[in-house]
Amino acid sequence: MPKFIAGLIVWFVATIFVVYSFCLNTAAAVFSDSIKMSLHVNDVGASLATGAFILGFACMQIPAGYLLDRYNAKFVVSSGVFLLALGDISISFAGNIYVFALANFLQGMGASFAFISIAILISQWFSAKLFPILFGLTQTLSCVFAGIIHYYLTLALAAYAWNDVYRVLGMFGMSLFVLSVLLVKSPSNY
């Protein structure tokens, strides 16, 4: 397979990871009222619990970059996707605010790999001239699809419990994990 095509496949899977992580990072606004009611917490408790996502994200930024520079991209990116999906599944079973916060922290740790992964993979697979185009396209897609996906999450919450929606998001994440294990890699010269 030509290097450019292989690079596009890697970019596409990593971009889906960015979209997935960005949607989950901003999904708290969609799920907030449902979570507050079912877990019996006030606005402050819900804010602190959903803020655990950002804390996990922030704590893993530097280690994620180091791991991506040092180790096999397939292993590191797949691990990030797995942590994010595992956080989704854990949230779906949260019966109290503490489990919910811990699962959000786990999600944030996994999501921290997304933006760094796409930047490193683009720089490995493509020329410096294509980097701003592909990286900008990834950022644009994550913002556009977050809005579209949030609209459908709102519709889903009208028919299903928030836990069920998170289970579906977790299953999607596990499917993305399989895709990343199968398709994400560094070029042979890395």
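Just above sits the structure.
Parameters and conventions
Residues numbered from 1 in each chain as written. Predicted model: local features only at pLDDT ≥ 70, side-chain atom pairs only at ≥ 80, totals over all residues. Heavy atoms only, no water. Helix = DSSP H or I, 4+ residues; strand = E, 2+ residues; numbered from the N terminus. Rg over C-alpha atoms; globule rule 2.2 N^0.38 Å. Buried < 20%, exposed > 50% of the residue type's maximum accessible area, 1.4 Å probe, protein only. Contact = heavy atoms within 4.5 Å. Areas by Shrake-Rupley, 256 points an atom, 1.4 Å probe, with all protein chains shown as cover. Lys, Arg positive; Asp, Glu negative; His and termini not counted. Charge placed at Lys NZ, Arg CZ, Asp CG, Glu CD. Expected span 1.5 Å × (residues − 1). Arc of directions from axis to C-beta. Core = buried A, V, L, I, M, F, W, Y, C linked by side-chain atoms within 4.5 Å.

## Concerning the overall build of the chain
Okay, step 1: Along the chain, the regular secondary structure elements total seven helices and zero strands.
Okay, step 2: Going residue by residue from the N terminus, the α and β elements of the chain occur as α-α-α-α-α-α-α.
Okay, step 3: The C-alpha atoms of the chain give a radius of gyration of 17 Å, which matches the 16 Å a tight globule of 190 residues would have.
Okay, step 4: Dimensions along the principal axes, computed over C-alpha positions, put the chain at roughly 55 × 30 × 25 Å.
Okay, step 5: Counting only residues that meet the buried cut, the chain has 44% of its 190 residues in that class.
Okay, step 6: Taking as baseline every contact in the chain between residues at least 6 positions apart, the subset at least 24 positions apart corresponds to 85%.
Okay, step 7: For the chain, the computed accessible surface area is about 9,500 Å², with 73% contributed by carbon and sulfur atoms.
Okay, step 8: Measuring between centres, the 7 positive side-chain charges of the chain sit 21 Å from its 5 negative side-chain charges.

## Points about the environment of I118
Okay, step 1: Relative to the elements of secondary structure, I118 occurs in helix α5 (residues 97-125).
Okay, step 2: Residue classification places I118 among the buried residues on the basis of a relative accessible area of 0%.
Okay, step 3: When the C-alpha positions of I118 and G51 are compared, they lie 24 Å apart, and in sequence the two are 67 residues distant.
Okay, step 4: Sequence-distant contacts of I118, that is, excluding residues within four places in its chain, are made with W11, A14, T15, V18, F135 and T138.

## Brief notes about helix α7 (residues 162-183)
Okay, step 1: Along its 22 residues, α7 runs 31 Å from first to last C-alpha, staying within 8% of the 32 Å computed at 1.5 Å per residue.
Okay, step 2: Residues of α7 that are buried: W162, N163, V165, Y166, L169, G170, G173, L176 and S180. The buried side chains of α7 occupy one side of the element, clustering within an arc of 145 degrees when seen end-on. Residues of α7 that are exposed and point more than 90 degrees away from the buried face comprise V168, M171 and L182.
Okay, step 3: Of the surrounding secondary structure, the elements contacted by the buried residues of α7 are α1 (3-26), α2 (28-39), α4 (73-92), α5 and α6 (131-159).

## Quick word on the nonpolar core
If you look at soluble globular proteins, the nonpolar side chains tend to sit buried side by side.
Okay, step 1: In terms of nonpolar packing, the biggest core is built from 53 residues, with F17, F31, F100, L121, W162 and Y166 touching the most fellow members.
Okay, step 2: Where this core is concerned, the elements lending two or more residues are α1, α2, α3 (43-70), α4, α5, α6 and α7.
Okay, step 3: Beyond its immediate stretch of four places on either side in the chain, F31 contacts L153, L157, W162, V165, Y166 and L169.

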